[in-house]
Amino acid sequence: MSRIGDESADIASAASSRRHERYVHKVGKPPKQRLVDEISHTFKETFFHDDPLRPFKDQPKSKKLVLGAQAVFPIIEWGRRYKLHMLKGDIIAGLTIASLCIPQDIGYAKLANLDPQYGLYSSFVPPLIYAMMGSSRDIAIGPVAVVSLLLGSMIQAEIDPKLHKADYERLAFTATFFAGITQFVLGFFRLGFLIDFLSHAAIVGFMGGAAITISLQQLKGLLGIKTPRFTKKTDIVSVMRSVWTNANHGWNWQTIVIGVSFLAFLLTAKFIGKKKRKLFWVPAIAPLISVVLSTFFVFITHAEDDGVEIVRHIEKGINPPSLQRIFFSGTYLAKGFKIGAVAGLVALTEAVAIGRTFAAMKDYHLDGNKEMVALGTMNIVGSMTSCYVATGSFSRSAVNYMAGCKTAMSNIVMSCVVLLTLFLITPLFKYTPNAILASIIISAVVGLLDYEAMILIWKIDKFDFVACMGAFFGVVFIGVEMGLLIAVAISLAKILLQVTRPRIALLGNVPRTSVYRNIQQYPEATKISGVVIVRVDSAIYFSNSNYVRERILRILEDEEEMEKQKIHHLIIDMSPVTDIDTSGIHSMEDLHKALKKRDIGLVLTNPGQAVLDKLHASDFAEVVGDERIFLTVADAISTLVPKMQP
C-alpha cells in the first residue's frame, strides 16, 4: 500500500509539474503561396486597396452598366435621390460662394498675369464638370491663390505677359491642359499615392510661404505703385527692394486709403466669422460689398484721374473656345507640360486634402482616384474653354460647408451666377480699383499662414518642423518653384532617413509579466542575464541591411562592456519586420557568422509570413535552426534560459 501511495504521489507531482511548465508553440514552415497569388495580392493592395469593384460583384449586366455610369458620373447617383428640401441649402450655399468667388476670381486672374475675365471663366465651366464627375459634396471649385501665383511666376519666366500677351495666354492654356492630363492619368491608373510623398508639414510650410509671397506681391496694387520696372521675382528681398526703390516715384495716397481701409474691413469681417460661426456669411459677402462700395466711390469721385489704378475693362460674354490656342507642337509644348505637371500636382494635393477634410466631417467616403479623374477632366475641358488651372478652394469650400450645402448642386448654382455676371454685370467692374483686388487677395491668403499648425508640428516631430520651415523659407526667400522643390526634397529625405536608419530597440522584461518592451520606454523593464534582446522596427532592405547588422553588433558590444559578463544568446524580435530582401538575408548571414565566432547563439522570434518564407527559401532558417525560431520572446527565454525566466 505504501508503494502504491508513493507512485500516486509521483504521478500527481509530474502532472502538477506539467501544468506549470510553459507551453512553447513551434514556429513551423508556413504554407507555400503560389507566385501568381503573391503577385496578384501585391498588385491589388498597391492599386486597388479600396476594392472599387466590390459593388459590381454578383450583379446582373444591366445593374453593372448603371453602377459603371454612376462611378464615372456620381451626379446620376445623387441626382436620383435628390429631394426638393435639399435645393434650399444648395441655392443658399451656391449664392454665398458666388458672392465670394466673383471678386476673388478677378484678383486671382491678375495674380496669374491674365485678364480678369479668365478668372471668371475658370469659375464657370470647371465647376459644372466637377458637379457631374466629382464625389465631394462640399468642395467649391475655382481658381486659387497659390496655383495662380505658381502658374503666373512659372509662365512669366518663359514669356513676358505684357510684350507677348497672346503667347502668354496660349502657354497658360497649354499648362492647364497638361495639368488636367497629369491629374487624369494619376487617377485613371490609380497612382494617387504619389501625391502623399508631399508631407503635411511640407504643405503647411509651402502654403504659409506662399501666403507671405502673395501678400507682398499685392503691395504694388495696395500702394498704387505704377512703375513698369517693378520686379517680376517672387522672393521677399526682390519685392521689398522694388517697393522701397520705387517710393521716390510716389505712392498714391488715395490708393493707400482705399486699399488699407477695405483691407481692415475684410479682416474684421473674417474675424467676426471665425468667432461666431453663425455669421459665416459676413466674411463671405464682405469682398463683394467692398467691390461695390469702392467701385461706386471711384465712379462718383473720378479717383482714376488722381492716379487710382482701376480694372477698366472685363470682356463680356461666355467663355470663347481655346482648343486651337493650345501649343501641341513647338518649343512651348515641353515648357507647357513641365509647368502644367507642377501646377496640376499642387492643385491636386490641395483639392484632395480639402475634400478628405470635409468628407471626414460629414462622415462619407471620398474616392481619391475618382477625384483626380474629375479634376483632370474639368481642367482638360477648361483648357479648351479659355480657363486656367482650377481646383478646390479651402476658403470657399469652408463657406460652402457652413452655408449648408447638401450636394455638388451648389457648384452648379455658383456657375449660373458667374454666367449671369459674365453676360450682365462685367461692365460695372470698369471702375473697380486694383487696390480692392489686392485687399481681397491679402485677406483671402492670410488663413494660409497656419502658425498653430506649425507650433503643433514642432511639438510632435522636429524633423517634420525642419521640412515645414525649409518649404516656408524656400518660398519666401528663393521663390515658389524652389520652395516647392525644397518641400518635396525634404519630404523624400525624411522617408529615406527612416528607411536607411531604422530604430533598433533594446528590450527588457516588464515586471510581473511575460512581455518584453523597449527599456527606454519602460525604464523599469529588466534585462535577462547573459541574453541581449533587440527589436528591429523596420523592414530589412538593401538600403538599411548593413546598418542593421552593424547597429546590432554595437549594441552587443555595449552590453558586454556594461554588464561585464559573457553574452550567450542574441534574440532578435522580428515582429515589426514586414519584409526582407536578398541583401537583408546576406546581412543576417554575416551577423550569424560574426556571432558564431564569439560563441553567441542567434535566436529569431515572431517573423512574419513574408519574412519566414524568405528565410526558408534561402535556407537561412536551417542555418539558424528551426529550434531557435520562436513565436515570442518569452518562449525563447523560457526555453533557452529557464532559470532566468521571471
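Residues numbered from 1 in each chain as written. Predicted model: local features only at pLDDT ≥ 70, side-chain atom pairs only at ≥ 80, totals over all residues. Heavy atoms only, no water.

As recorded in an unreviewed UniProt entry, the chain goes by the name STAS domain-containing protein, listed as coming from Salvia splendens. Per its UniProt entry, the chain bears the Subcellular location (unreviewed entry) comment "Membrane". (UniProt positions renumbered as here; feature names shortened; annotations may be inferred.)

S.K.: Help me out: how do you make sense of the pattern of salt bridges in this one?
M.R.: Any two side chains of opposite charge can pair if their charged atoms end up close together. One pass over the structure, following the stated rule, counts 13 salt bridges. A salt bridge links lysine 165 to aspartate 115; the nearest nitrogen and oxygen atoms lie 2.8 Å apart. Of the two residues, lysine 165 sits in helix α9 (residues 165-188) while aspartate 115 sits in the loop between α5 (84-111) and α6 (116-121), which places them 50 residues apart along the sequence. What makes lysine 165 partly exposed here is its relative accessible area of 40%. Exposure remark for aspartate 115: the relative accessible area of 23% places this residue in the partly exposed category. Taking the shortest distance from any N to any O, the salt bridge between aspartate 461 and lysine 494 comes out at 3.4 Å. Here the residue aspartate 461 occupies a position in the loop between α20 (451-460) and α21 (462-477), and lysine 494 occupies one in helix α22 (residues 480-500), the gap between them amounting to 33 residues. Looking at lysine 494, the relative accessible area reads 17%, which means it is buried. What emerges from the salt-bridge pattern is a single network uniting Asp461, Asp464 and Lys494. (Salt bridge = Lys/Arg side-chain N within 4 Å of Asp/Glu carboxyl O. Helix = DSSP H or I, 4+ residues; strand = E, 2+ residues; numbered from the N terminus. Buried < 20%, exposed > 50% of the residue type's maximum accessible area, 1.4 Å probe, protein only.)

S.K.: What is the right way to look at the packing of aromatic side chains in this model?
M.R.: Each aromatic ring pair is described using two quantities: the centre-to-centre distance and the angle formed by the ring planes. If you walk through the whole model with that rule in mind, you get 15 aromatic pairs. Three or more aromatic residues joined by ring pairs form one cluster here, namely Phe177, Phe178, Phe328 and Phe337. The ring centre of tyrosine 364 lies 4.1 Å from the NZ or CZ of arginine 137, which sits over that ring. The ring of phenylalanine 327 has arginine 170 sitting right over it, with the charged end atom 4.0 Å from the ring centre. (Phe/Tyr/Trp six-rings, centres within 6.5 Å; stacked < 30°, edge-to-face > 60°. Lys NZ or Arg CZ within 6 Å of the ring centre and 35° of its normal.)

S.K.: Please clarify how unusual backbone geometry should be interpreted in this entry.
M.R.: A negative phi holds for most residues other than glycine; trans holds for most peptide bonds. Phi at arginine 312 is positive, roughly 75°, even though this residue is not glycine. Inspection of the secondary structure assignment puts arginine 312 in the loop between α14 (281-301) and α15 (331-362). Overall, arginine 312 belongs to the partly exposed group, its relative accessible area being 49%. Even without glycine at this site, aspartate 363 takes up a positive phi of about 60°. Counting through the fold element by element, aspartate 363 comes out in the loop between α15 and α16 (368-383).

S.K.: Sorry, what's going on with the sheet that holds strand β3 (residues 504-509) here?
M.R.: What links the strands of a sheet is backbone hydrogen bonding, and the strands pair in either a parallel or an antiparallel sense. Pairing within the open sheet is mixed, and its six strands lie in the order β4-β3-β5-β6-β7-β8. Unpaired on one side and paired on the other, β4 (516-518) and β8 (629-630) mark the two borders of the sheet. Judged from the three bridges that link them, β3 and β4 form a sheet pairing that is antiparallel. Counted as the bridge partner of leucine 507 is asparagine 518 from β4. (Pairing = 2+ DSSP bridges.)

S.K.: Just to check I follow, could you spell out the nonpolar core for this structure?
M.R.: Taken as a class, soluble globular proteins show a tendency for nonpolar side chains to be buried jointly. With 101 residues, the main nonpolar core has Leu151, Phe206, Ile214 and Val418 as its most contacted residues. With residues up to four places along the chain from it excluded, the contact list for phenylalanine 206 reads Val146, Val346, Ala471, Phe472, Val475, Val480, Gly483 and Leu484. Counting 32 residues, the second-largest nonpolar core is a separate cluster that includes Ile504, Met588, Leu595 and Val611. (Core = buried A, V, L, I, M, F, W, Y, C linked by side-chain atoms within 4.5 Å. Contact = heavy atoms within 4.5 Å.)

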